[in-house]
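Here's the letter readout for the chains.
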Amino acid sequence: MKTRALIVPLAAGFLFPASACMENPVVGEEAPQALEVVGSPGLEGESPRGVYVVFDAEDAVSEPADPDVGIAFAGEPIIIYMNKTGGTYTPGANDSRNNRSSIPSTTSTIPAWSVSAAGWDQVMTCVKDLWSPFNVVITDVDPGQTPHFESVVAGRPGDVGMPQGVGGVSPFTSDCSTINNSIVFTFAEVYGTNYQAICETVAQEVAHSFGLDHEFYCQDPMTYLGGCGAKSFQNVNAPCGEDQARTCACGGSTQNSVSMLLSRIGPAEVAPPDVSISRPQTGAVVGPGFVIEANVAAQQTVTQVDLYIDGVFSSTVNTQPYVFNAPTTLAMGDHVVETRAIDEGGNTGSAQVSVTLSDDGDPDPDPDPDPDPDPDPDNDIGGGTDLIGSCSAAGGGSDHGFALILLGLGLFLVRRRR
Ligand SMILES: [Zn+2]
């Protein structure tokens, strides 16, 4: 069995004793006193490991989170700046806007990472993907004085006074609060071209600055465990810990990284489903049990589409095609047909058409020139389907021909209504 201290008090000499043997740093702000380092470097032959350094919140945070909302910037997307160009960092309460970090205990310079464009693309794509459920913007353009989290992806652990085998480091507060404008480090040079590992280390280090602990759960980027494929934040109550389960930094025995990040950052802003009704078209005269088809475009998975008639729920379809039959009990006359799509995030979008129900109306006023994939239960189309089918087969000028047919049909129906 490997022996390795999982939680290393500074007194054990994991780091050199904070500010014990150095001149005052350039900026005149004292290096914050680290309370402990959680995690451990990879041993020889092992992968580098991300650690976090615990500070008193008042030492580590230059701009406290709003305690009322629990979301770092009150609902605005949080900017995460992926910095591969390095920089010079002075000790102090973390502030990405001024390159002040509680991690180095003396002014420290990290050289740029000379990664290929393709390699950097891979890292950026992976990081964007891992954080996509949350209300963040991932950029590699320095936001300057705009509040942001900075993820340095460059250099080696020794550049900021960390020992070999450390793959990344983040500050962490003793009360697990969010460190706004934090600076976290992923030591890209020690990973070479293992861009996936770099991406997952970035995820772990940035999440530490939102108060997330390590998880003893292989699929999550907060873990030390490996060999289970690509990681993503898991909506699972997982044990905390590195090489074994332990109590979480802020109490309890489990952590759910997704729910914790959602509570601190908020969900990604997702456009609601875009819904249209392809049949019937508004103003159509329709027959009993008429067919309704909704088309839905959505960023997230659509879980259901509901049909409402005159504001009253009628029925639900869960998968495409979103085709309904109006209830045959509907009274003759004018009706408002509405379809509402709901995505997995609970976002809704809807569309409406107004129709007139008549015994003489078309039960399937299908304007779709493509062959109809839907087996209409009433099989009530008769010549209509054939007409449209042959129109589609005509190819080239079918749009015009189709419009003429619609026009003719409309005139016919209007005439019939008199
Ligand atoms: Zn870590």
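Just above sits the structure.
Keep in mind it's a predicted model, so treat the numbers as computed, not measured. (Residues numbered from 1 in each chain as written. Predicted model: local features only at pLDDT ≥ 70, side-chain atom pairs only at ≥ 80, totals over all residues.)

Peer 1: Help me understand the overall build of the protein, please; the structure alone is not making it clear to me.
Peer 2: Counting its regular elements, the protein contains 6 helices and 22 strands. Classification of the 418 residues of the protein by burial places 41% in the buried group. (Helix = DSSP H or I, 4+ residues; strand = E, 2+ residues; numbered from the N terminus. Buried ≥ 20, exposed ≤ 12 C-beta atoms within 10 Å, placed from the backbone.)

Peer 1: For this particular structure, what's the right way to read helix α3 (residues 195–208)?
Peer 2: Two residues of an α-helix separated by three or four positions point the same way, owing to the 3.6 residues in each turn. Its 14 residues place the ends of α3 20 Å apart at the C-alpha level, agreeing with the 20 Å of an ideal helix rising 1.5 Å per residue. Across the 14 residues that make up α3, a large majority, 13, are buried. (Expected span 1.5 Å × (residues − 1).)

Peer 1: Just checking my understanding: could you explain the nonpolar core for this structure?
Peer 2: Soluble globular proteins tend to bury their nonpolar side chains together. Within the largest apolar cluster, 60 residues are counted, with the highest numbers of intra-cluster contacts made by V53, I80, V127, V153, V169, I198 and C199. Take this core: its biggest share by element is 8 residues, from α3. Sequence-distant contacts of V153, defined by excluding residues within four places in its chain, comprise M82, N83, K84, W113, V123, T186, A188, I198 and V202. (Core = buried A, V, L, I, M, F, W, Y, C linked by C-beta atoms within 7 Å. Contact = placed C-beta atoms within 7 Å.)

Peer 1: Please clarify how the sheet that holds strand β15 (residues 274–279) should be interpreted in this entry.
Peer 2: Hydrogen bonding along the main chain pairs the strands of a sheet, whether they run parallel or antiparallel. With antiparallel pairing, the 3 strands of this open sheet are ordered in space as β15-β17-β20. Edge positions in the sheet fall to β15 and β20 (322–325), since each has one partner strand and no second. Here the strands of the sheet are splayed against their neighbours by 25 degrees on average, with no regard to which way each runs. Strand direction decides the pairing type here: strand β17 (residues 291–297) and β20, joined by 4 bridges, are antiparallel. Its bridge partner being in β20, I292 is matched across the sheet by F324. (Pairing = 2+ DSSP bridges. Axes fitted to C-alpha atoms, helices over the stretch in contact; angles between N-to-C directions.)

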